[in-house]
Amino acid sequence: MADSAKGRPAAAGPGGKGLTAEQVVARFNRLRQEQRGLASKTAELELELNEHGLVIETLREVDPTRKCYRMVGGILVERTVKEVLPALEGNREQISKIIETLSQQLQSKGRELNEFREKHNIRLVGEEDPRQTPKDGTEGGKGSAAGVLVS
């Protein structure tokens, strides 16, 4: 399943012919799942970032000596606004950095997925073959027999 230095698939099937269609589909689906996981985590952290922003905005308008409650490790603790506000701002900065890192990983995973699709001629159900000529059939379907169809 590993790629050699020349970019060809390693011998995995009988006779060293490379990845089987099932292995290609399995790897493609795994890459898609990883991409979805990154996108899901990014969206979740963006919501959390927005919540932090709303809370920080609200706490800036109240008296710094006022009591407020904060969840720390599943335990609700009583603090003052002046103690909680800097911690929330620090958390917001960390979340922003994590979102930036995840976005870069998501872009990298997308490029990897597209390269894998092109390398193995993977088409999704309902997707036209980009190498196929528009319904005139003048090229005789050149190269389309080796593609993998994924649902």
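Everything quoted here is computed from the prediction, not taken from an experiment. (Residues numbered from 1 in each chain as written. Predicted model: local features only at pLDDT ≥ 70, side-chain atom pairs only at ≥ 80, totals over all residues. Heavy atoms only, no water.)

1. Comments concerning the overall build of the protein chain
Thinking step 1. Scanning the protein chain from N- to C-terminus turns up two helices and four strands.
Thinking step 2. Along its sequence from the N terminus, the protein chain presents helices and strands in the succession α-β-β-α-β-β.
Thinking step 3. For the protein chain, the share of sequence-separated contacts (at least 6 apart) that also reach a separation of at least 24 residues comes to 63%.
Thinking step 4. If you sum the accessible surface of the protein chain, you get close to 10,700 Å²; carbon and sulfur atoms cover 52% of it. (Helix = DSSP H or I, 4+ residues; strand = E, 2+ residues; numbered from the N terminus. Contact = heavy atoms within 4.5 Å. Areas by Shrake-Rupley, 256 points an atom, 1.4 Å probe, with all protein chains shown as cover.)

2. Quick word on the pattern of salt bridges
Thinking step 1. What the rule picks out here adds up to six salt bridges.
Thinking step 2. A salt bridge links K109 to E34, with the nearest nitrogen and oxygen atoms 2.5 Å apart. Of this pair, K109 sits in helix 2 (residues 81–119) while E34 sits in helix 1 (residues 21–60), and the two are 75 residues apart along the sequence.
Thinking step 3. The exposure class assigned to K109 is buried, which follows from its relative accessible area of 15%.
Thinking step 4. E112 is the salt-bridge partner of K109, the closest N and O atoms lying 3.5 Å from each other. (Salt bridge = Lys/Arg side-chain N within 4 Å of Asp/Glu carboxyl O. Buried < 20%, exposed > 50% of the residue type's maximum accessible area, 1.4 Å probe, protein only.)

3. Digging into the environment of L113
Thinking step 1. Along the chain, L113 turns up in helix 2.
Thinking step 2. Judged by its relative accessible area of 6%, L113 falls in the buried class.
Thinking step 3. For the pair L113 and Q35, spaced 78 residues apart in sequence, the C-alpha separation works out to 8.5 Å.
Thinking step 4. Residue contacts for L113: discarding those within four places in its chain leaves F28, L31, R32 and Q35.

4. Focus on the nonpolar core
Thinking step 1. Of all hydrophobic cores here, the largest spans nine residues; its members are L19, V24, F28, L31, L113, F116, I122, V148 and V150.
Thinking step 2. I56, L59, V81 and L85 belong to the second largest nonpolar core, which has seven residues in total. (Core = buried A, V, L, I, M, F, W, Y, C linked by side-chain atoms within 4.5 Å.)

5. Quick notes on the pairing of strand 1 (residues 67–72)
Thinking step 1. Two elements, strand 1 and strand 2 (residues 75–80), share six bridges in a ladder whose sense is antiparallel. Opposite C68, over in strand 2, you have R79 as the bridge partner.
Thinking step 2. What sits between the antiparallel neighbours strand 1 and strand 2 is a turn of two residues, in which G73 has the positive phi angle 60°. (Pairing = 2+ DSSP bridges.)

6. Here we look at helix 2
Thinking step 1. Relative to the 57 Å expected for 39 residues at 1.5 Å per residue, helix 2 spans 56 Å between its end C-alpha atoms, a close match to the ideal helical length.
Thinking step 2. Every buried residue of helix 2 is accounted for by V81, V84, L85, L88, I95, I99, L102, K109, G110, L113, F116 and R117.
Thinking step 3. On its buried face, helix 2 is in contact with helix 1, strand 1, strand 2 and strand 3 (122–124).
Thinking step 4. N121 lies just past helix 2 and shows a positive phi near 50°. (Expected span 1.5 Å × (residues − 1).)

7. Things to note about the confidence of the model for the protein chain
Thinking step 1. When the pLDDT values of the protein chain are averaged, the result is 82; 75% of them are 70 or greater.
Thinking step 2. Taken together, the stretch residues 1–17 has pLDDT below 50 and engages in 25 contacts with residues farther than four places along the chain or on a different chain. (pLDDT = per-residue confidence, 0-100.)

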